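Structural overview for review
Given next are the chains, with one letter for each unit.
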Amino acid sequence: MQTPQWDSLWLNVHLATMSDDASYGECRDGAIAVKDGVIAWLGSQSALPHNHSAKHIYDGKGAWLTPGLIDCHTHIVYGGNRSNEFEDRLNGVSYEEIAKRGGGIVATVTATRAASEAELFTQSLVRVMRLLQEGVTTLECKSGYGLDLATEAKILRVARQLGQELPVRISTTFLGAHAVPPEYAGRADAYIELVCEQMLPALVEEGLVDAVDAFCEKIGFSHAQTERVFQAAKKHGLPVKLHAEQLSDQGGAALTARYQGLSADHLEYLSDEGIAAMAEAGTVAVLLPGAYYFLRETKLPPLAALRAAAVPIAISTDCNPGTSPMTSLLLVMNMACTLFRMTPLEALQGTTRNAAKALGMSDKIGQLAVGMKADFALWDVDRPADLSYAIGANPCSGVVFDGRLLKING
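Residues numbered from 1 in each chain as written. Predicted model: local features only at pLDDT ≥ 70, side-chain atom pairs only at ≥ 80, totals over all residues. Heavy atoms only, no water.

1. Some remarks on the sheet that holds strand β8 (residues 211-214)
An order of β5-β6-β7-β8 is seen for the 4 strands of this open sheet, with the pairing classed as parallel. Looking at which strands have only one partner, the edges of the open sheet turn out to be β5 (69-71) and β8. For this sheet the average axis-to-axis angle between neighbouring strands, irrespective of direction, equals 25°. Bridge analysis of strand β7 (residues 169-177) against β8 gives 3 bridges, and the strand direction is parallel. Along β8, the bridge assignment pairs Ala-177 with Ala-214. Set on the sheet, helix α5 (residues 149-165) makes contact with β6 (136-142) and β7; between it and β7 the angle comes to about 170°. Running at roughly 150° to β7, helix α6 (residues 188-205) makes contact with β7 and β8 of the sheet. (Pairing = 2+ DSSP bridges. Helix = DSSP H or I, 4+ residues; strand = E, 2+ residues; numbered from the N terminus. Axes fitted to C-alpha atoms, helices over the stretch in contact; angles between N-to-C directions. Contact = heavy atoms within 4.5 Å.)

Laid out in structure tokens, this is it:
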């Protein structure tokens, strides 16, 4: 039998493979081997091939090893800061008054349009690095703070650059249908035509779009306008996802399912009909506890019904300047447990295997299995549930991305 020739081998680790629905897929006293950036072998250390060899052998010192975490819904590339609005609201200034001053999403659009590509990269880099320090190895980046072709392209180019210069997988999402820009006030249909007929084709030609999103809501875009966006995405062979049922039930989740969408996100006002459609289509429910918390929402997403229908549930930071200025996926896991009553197992599934499904990347990431990308994180914890338990802690002791060791603490 030929001796395995691995690039690296990790010994003395406990594996949480996330390879099934009912458990962490635990393998205590395990080992994992990497070859050419993918997992070549894993299992009990006692089951290692007798004559194994590796260029680099690492002692995990009893750490837990999980798939690299996945933040599957973010608006992390943007310009400016809206802490002034946060303070104003708490001092009694109304949303209407803030909007009249040019606040809200318009403020972020203005700042993002004004920022150079280099400035936008520098601002976004800080936020992304905070996530990477917590074991995140894959990140979705949406556009949507440009609302014109030049700035939407700038946002997506910065997202691509982040993936080129940092050890992180970036999935880009075009969210041109995020809001009606000031220059199209009162002309939402005309703006949707611009999104579908000019912006999307140009961005696709530049190779900047992996998926297409929209905001289907009374304060966003109608069911019919959203479907126009989905039809345009389909024309270009792109998968869709949707900000759906966050503030009211607009039937967005069912529409997403009808287009075989990757995910429907937020979902506080999701109906039984929407759940059934998502279950049939395999569409992932992405819950966003940061926005729920920041907006002081009181209506919980229908977690029990989603569970009963076996809809895969992912969770994410929803990092954005207006409703979820959060750059900690570990805190999201705790919030999902405390606010939504998810279990620690569900929280870790929601940031690994189900988050991978929400990005259409289940064949590459989200689980520890032979043939999957060698993206994983090491944790100085006693058990996987500790990742959801401790508030403000970061027990990440090492990150491996594409087979390369990036960080060791202590």
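2. Quick notes on the sheet that holds strand β9 (residues 241-244)
Pairing is parallel in the open sheet, where 4 strands are placed in the order β9-β10-β11-β12. The sheet is open, and its two edges are formed by β9 and β12 (313-315), each paired on a single side. Along the sheet, successive strands turn relative to each other by an average axial angle of 25°, direction set aside. Strand direction decides the pairing type here: strand β10 (residues 263-266) and strand β11 (residues 284-287), joined by 3 bridges, are parallel. Opposite Ser-263, over in β11, you have Val-284 as the bridge partner.

Any functional reading would require information beyond the geometric quantities listed.
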